[in-house]
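Observations on the model geometry
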Amino acid sequence: MEIDIDAVLEPRKRFGVHLGLERIEKLLKNLGNPQDRVRVIHVAGTNGKGSVCAYLSSVLTEAGYKTGRYTSPHLVDWTERICLRERQISSSELANLLVEVQKAIDSQEESPTQFEVFTAAAWLYFARQEVDVAVVEVGLGGRLDATNVCKKPLVTIISSISRDHLQQLGSTISAIAKEKAGILKAGCPAIIGQLPEEAELVVREYANKLQCPVIKPSPAKELSSGLALIEIQQQNNAELPISKSIKYSLPLQGEVQLINSALAITALEIMQQQGWQISQNAIIQGIAKTKWPGRMQWSTWNGQKLLVDGAHNKAAAEALRNYVDRVVARSNQSQVRVTWVMGMLSTKEHGEVLTTLLRPNDELHLVPVPARSSADESELAKLAQNICPQLSLCQTYSDLTSAFSKAFSSNPHLVVLCGSLYLVGHFLKK
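Let me begin by describing the structure that accompanies this report.

Topic: the overall build of the protein
- Helix and strand counts for the protein stand at 15 helices and 17 strands.
- Taking the principal axes of the C-alpha coordinates as reference, the protein spans close to 60 × 55 × 40 Å.
- Burial analysis of the protein (430 residues in total) assigns 55% to the buried set.
- In the protein, once contacts between residues fewer than 6 apart in sequence are set aside, the share between residues at least 24 apart is 72%.
- A total of about 18500 Å² of accessible surface is found on the protein, and carbon and sulfur atoms cover 46% of it.
- Of the side-chain charges in the protein, 45 are positive and 43 negative, and the distance between the mean point of each set is 3 Å.

Structure representation (structure tokens):
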């Protein structure tokens with residue numbers, strides 16, 4: 001009989017987001033501590049960590065390694081979260097794993113959360129598959145995240161730090177940085193992105209205590225549309241090779257990918273120094289083959305082109321607005337109206353995202369995020385009109401279809417769907 005994954009996981013939603021390692025550690029112990037049999041690259045960050053994981057997984061697979069990848073959230077199906085050699089786990093395999101994990105839960109102990117149960121299933125899968133390496137994305141924060149049970153990662157990466165998930169991680173950049181830095185382990189190389197000064201200070205201080213070599217690569221240089229060049233140089237006390245350069249194609253959109261790809265390539269260079277056989281050709285081909293849906297992705301609705309991105313916090317909105325401005329600048333039309341179709345969760349900083357995205361003469365079409373704690377569209381509309389009174393149009397709708405019908409009725413325009421990965425997932429599922 002086929003097991004329904006949603007039926008297994010849905011009851012665990014009631015335990016909510018509850019950070020801490022005690023429950024996951026007990027659960028994994030009951031399963032034989034599978035995480036101890038998996039070599040790991042651990043990736044944290046407010047934004048960019050998913051695409052960094054995608055680059056790493058693609059290159060390591062291209063290099064011939066049996067590579068696992070664990071990311072969250074999924075866009076369309078639970079099976080997206082666990083991949084082996086760039087292929088999603090089958091529904092039946094995942095369901096059987098989840099049932100096995102459920103059976104290992106001690107009824108006398110505090111119940112693990114949905115994310116903890118799923119994470120335990122990922123560790124169990126990777127151990128049984130005897131992967132050469134698993135690329136593991138932090139779910140939330142780092143220090144108390146369920147993925148933070150690996151004792152000695154090959155390398156840790158903190159892609160970015162900005163304000164998000166304030167309810168769980170703290171309201172200041174320093175507090176959030178402390179949580180992200182919690183993935184660092186004694187003596188393990190740490191790669192960091194372009195962090196705010198106060199965040200970098202916290203991370204470096206923590207790294208120094210653990211004697212972690214810290215590497216901060218410069219973003220790759222954009223040579224032409226879709227082509228980048230990275231210069232790799234010896235930095236600090238990290239065992240990186242003598243200066244060399246790699247020219248590669250970037251399949252993922254947005255200027256932010258210049259740093260995300262640089263972080264991934266730097267991690268791969270460190271792995272080379274550790275003895276991993278990763279050729280320059282594998283890096284070039286692996287990066288070129290990388291797929292990461294729902295992030296600055298071009299798609300269509302009823303045969304009409306639109307841009308899709310999950311931008312749900314200020315930093316992600318800045319990256320999206322920057323990309324949109326570049327698209328508009330490159331178009332041959334003198335007046336291109338940007339038309340936003342947007343829905344946001346109630347927990348996000350709506351004002352910061354709207355301020356970052358909206359410009360005079362833009363259109364804004366607001367929708368609820370289905371099956372989630374969605375922000376009220378009417379309240380978002382009021383906020384948007386206060387922030388940018390010169391919007392050419394600001395309307396609310398009950399569903400995406402109605403919003404798209406209106407959004408595509410004006411011309412010339414660039415239609416962008418954004419505000420929540422869950423909303424993007426709802427669109428891609430159709």
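Considering the packing of helix α4 (residues 91-103) against helix α5 (residues 114-128)
- α5 packs onto α4 with a crossing angle of 115° between their chain directions and a minimal axis gap of 9 Å. Considering the angle they form, α4 stands roughly perpendicular to α5. Of the two possible hands of crossing, α4 and α5 adopt the one that is right-handed. Residues Glu-93, Leu-94, Leu-97, Leu-98, Glu-100 and Val-101 of α4 pack against Val-117, Phe-118, Ala-120, Ala-121, Leu-124, Tyr-125 and Arg-128 of α5.
- Each residue belonging to the contact of α4 with α5 can be placed in one class, and the counts come to ten nonpolar, no polar and three charged.

Looking at the sheet that holds strand β14 (residues 337-342)
- The strand order across the open sheet built from six strands is β12-β13-β17-β14-β15-β16, with neighbouring strands paired in mixed fashion. The open sheet has two edge strands with one neighbour each: β12 (297-301) and β16 (393-396). Within the sheet, the average angular offset between the axes of one strand and its neighbour, ignoring direction, is 25°.
- Of the strand pairs in this sheet, strand β15 (residues 363-366) and β16 are connected by four bridges, and their pairing is parallel. Bridge pairing links Glu-363 to Leu-393 in β16.
- Sitting on the sheet, helix α13 (residues 377-387) touches β15 and β16, and the angle it makes with β16 is about 165°.

Things to note about the sheet that holds strand β1 (residues 40-44)
- Taken in spatial order, the eight strands line up as β4-β3-β2-β5-β1-β6-β7-β8 in an open sheet, and their pairing is mixed. Either end of the sheet is taken by a strand with one partner, and the two such strands are β4 (87-88) and β8 (214-215).
- Alignment of strand β6 (residues 155-158) against strand β7 (residues 190-192), held across three bridges, turns out to be parallel. When the bridges of β7 are listed, Ile-157 appears paired with Ile-191.

A closer look at the state of the cysteines
- Summed over the entire model, instances satisfying the criterion amount to zero disulfides.
- Cys-150 forms no disulfide, and the closest cysteine sulfur to it belongs to Cys-188, at a distance of 8.6 Å.
- Of the cysteine sulfurs around Cys-388, a residue in no disulfide, the closest is that of Cys-394, at 9.5 Å.

Overview of the nonpolar core
- In terms of nonpolar packing, the biggest core is built from 40 residues, with Ile-41, Leu-56, Leu-60, Ile-157, Tyr-248 and Ile-278 touching the most fellow members.
- Broken down by element, this core gets its largest block of residues, ten residues, from helix α9 (residues 257-273).
- In this structure, Ile-41 is in contact with Leu-56, Leu-60, Val-133, Ala-134, Val-135, Val-136, Leu-154, Val-155, Ile-157 and Met-271, ignoring residues within four places of it in sequence.
- Core analysis: the second largest hydrophobic core is formed by 38 residues, Leu-28, Ala-121, Tyr-125 and Ala-127 among them.

Details of the pattern of salt bridges
- Taken as a whole and judged by the stated rule, the model has 17 salt bridges.
- Ionic pairing is found between Lys-216 and Glu-200, a salt bridge with its closest N-O pair at 2.8 Å. Residue Lys-216 is located in the loop between β8 and β9 (221-224), and its partner Glu-200 is located in helix α8 (residues 197-210); the two are separated by 16 residues in the primary sequence.
- With a shortest N-O distance of 2.6 Å, Glu-222 and Arg-326 are connected by a salt bridge.

Structural notes on the environment of Asn-30
- Turning to its location among the elements, Asn-30 is positioned in helix α2 (residues 22-30).
- A sequence separation of 250 residues divides Asn-30 from Gln-280, and the C-alpha atoms of the two residues are 41 Å apart.
- Once residues lying within four places of it in the same chain are set aside, the contact partners of Asn-30 are Ala-104 and Asp-106.

As for the packing of aromatic side chains
- Tallying each qualifying case throughout the model produces ten aromatic pairs.
- Ring geometry for Tyr-70 and Phe-118: centres 6.3 Å apart, planes at 10°, overall stacked. Here Tyr-70, found in strand β2 (residues 67-70), pairs with Phe-118, found in helix α5; they are 48 residues apart in sequence, far enough to count as distant. Per residue, the accessibility class of Tyr-70 equals that of Phe-118, and both read buried.
- Ring pairs connect the aromatic residues Tyr-70, Trp-78, Phe-115 and Phe-118, which therefore count as one cluster.
- Directly above the aromatic system of Phe-118 lies the positively charged group of Arg-81, at a separation of 5.5 Å from the ring centroid.
- Taking NZ or CZ as reference, Lys-305 lies 4.5 Å from the ring centre of Trp-298, over its face.

Brief notes about the environment of Lys-305
- In this structure, Lys-305 sits in strand β13 (residues 304-308).
- For Lys-305, a relative accessible area of 56% gives the class exposed.
- Residues Lys-305 and Ala-134 lie 171 residues apart in sequence; the distance between their C-alpha atoms is 35 Å.
- Lys-305 has contacts with Trp-298, Ser-299, Thr-300 and Phe-408, leaving out every residue within four places of it along the chain.

Scoring rules and cut-offs
Residues numbered from 1 in each chain as written. Predicted model: local features only at pLDDT ≥ 70, side-chain atom pairs only at ≥ 80, totals over all residues. Heavy atoms only, no water. Helix = DSSP H or I, 4+ residues; strand = E, 2+ residues; numbered from the N terminus. Buried < 20%, exposed > 50% of the residue type's maximum accessible area, 1.4 Å probe, protein only. Contact = heavy atoms within 4.5 Å. Areas by Shrake-Rupley, 256 points an atom, 1.4 Å probe, with all protein chains shown as cover. Lys, Arg positive; Asp, Glu negative; His and termini not counted. Charge placed at Lys NZ, Arg CZ, Asp CG, Glu CD. Axes fitted to C-alpha atoms, helices over the stretch in contact; angles between N-to-C directions. Parallel < 35°, antiparallel > 145°, perpendicular 65-115°, else oblique. Left-handed = near helix turned anticlockwise from the far one by under 90°. Nonpolar A, V, L, I, M, F, W, Y, C, P; charged D, E, K, R; others polar. Pairing = 2+ DSSP bridges. Disulfide = S-S within 2.5 Å. Core = buried A, V, L, I, M, F, W, Y, C linked by side-chain atoms within 4.5 Å. Salt bridge = Lys/Arg side-chain N within 4 Å of Asp/Glu carboxyl O. Phe/Tyr/Trp six-rings, centres within 6.5 Å; stacked < 30°, edge-to-face > 60°. Lys NZ or Arg CZ within 6 Å of the ring centre and 35° of its normal.

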